[in-house]
Amino acid sequence: MNAWTEAADLAGAILLLLGCLQCLLGVIGMLRFPDVLSRSHAATKPQTLGMLLVLVGVALQLRHAIDLGTLTLIVFFQFLTSPVASHLVARSAYRTGQTGSRGLLRDDLDPQLSDGEQPQE
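Values in this document were obtained by computation on a predicted structure and should not be read as measured data.

Before going further, it helps to examine the layout of surface pockets. Looking at the largest pocket, its volume works out to about 300 Å³. Lining the largest pocket are twelve residues, with Leu37, His87, Ala90, Arg91 and Leu109 positioned closest to its centre. Of all the secondary structure elements, the ones that give two or more residues to the lining of the largest pocket are helix H2 (36–62) and helix H3 (65–95). Here the lining of the largest pocket takes five residues from H3, the largest share from any one element. Each residue belonging to the lining of the largest pocket can be placed in one class, and the counts come to five nonpolar, three polar and four charged.

Here you go:
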């Protein structure tokens, strides 16, 4: 093994550890946050970053072209599906009244979902 391989292995191990910690923080946030919107945030943002760190760490460990292609596809689909799914869960929770919209600082969906009434300013 040369120095570059050992450095890549060390960087991969560090990124794997950081990614796992980031995913753990996201899970703790999902368990601790009180409402649907904040849980939705905790389910997507840290999980996506944690997954990216884990996959980059795995890529540094494996270093084969077919593995890198597969990991690139995983990252692409993770970035494509996770935020969209979280948005749809939050929007359906809002439409069914489970968000507790009294605590919202700004409600942009209320005028869009009302029955043609104009918002009063």
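So, about the environment of Val75. On the secondary structure map, Val75 appears in helix H3. Residues contacting Val75, with those up to four places away along its chain left out, are Leu52 and Leu55.

Conventions we followed
- Residues numbered from 1 in each chain as written.
- Predicted model: local features only at pLDDT ≥ 70, side-chain atom pairs only at ≥ 80, totals over all residues.
- Heavy atoms only, no water.
- 1 Å grid on protein atoms, 1.4 Å probe; cavity = no way out; pocket = protein on both sides within 12 Å on 5 of 7 lines; lining within 4 Å.
- Points joined across faces, edges and corners; volume = space filled by probe spheres on them.
- Helix = DSSP H or I, 4+ residues; strand = E, 2+ residues; numbered from the N terminus.
- Nonpolar A, V, L, I, M, F, W, Y, C, P; charged D, E, K, R; others polar.
- Contact = heavy atoms within 4.5 Å.

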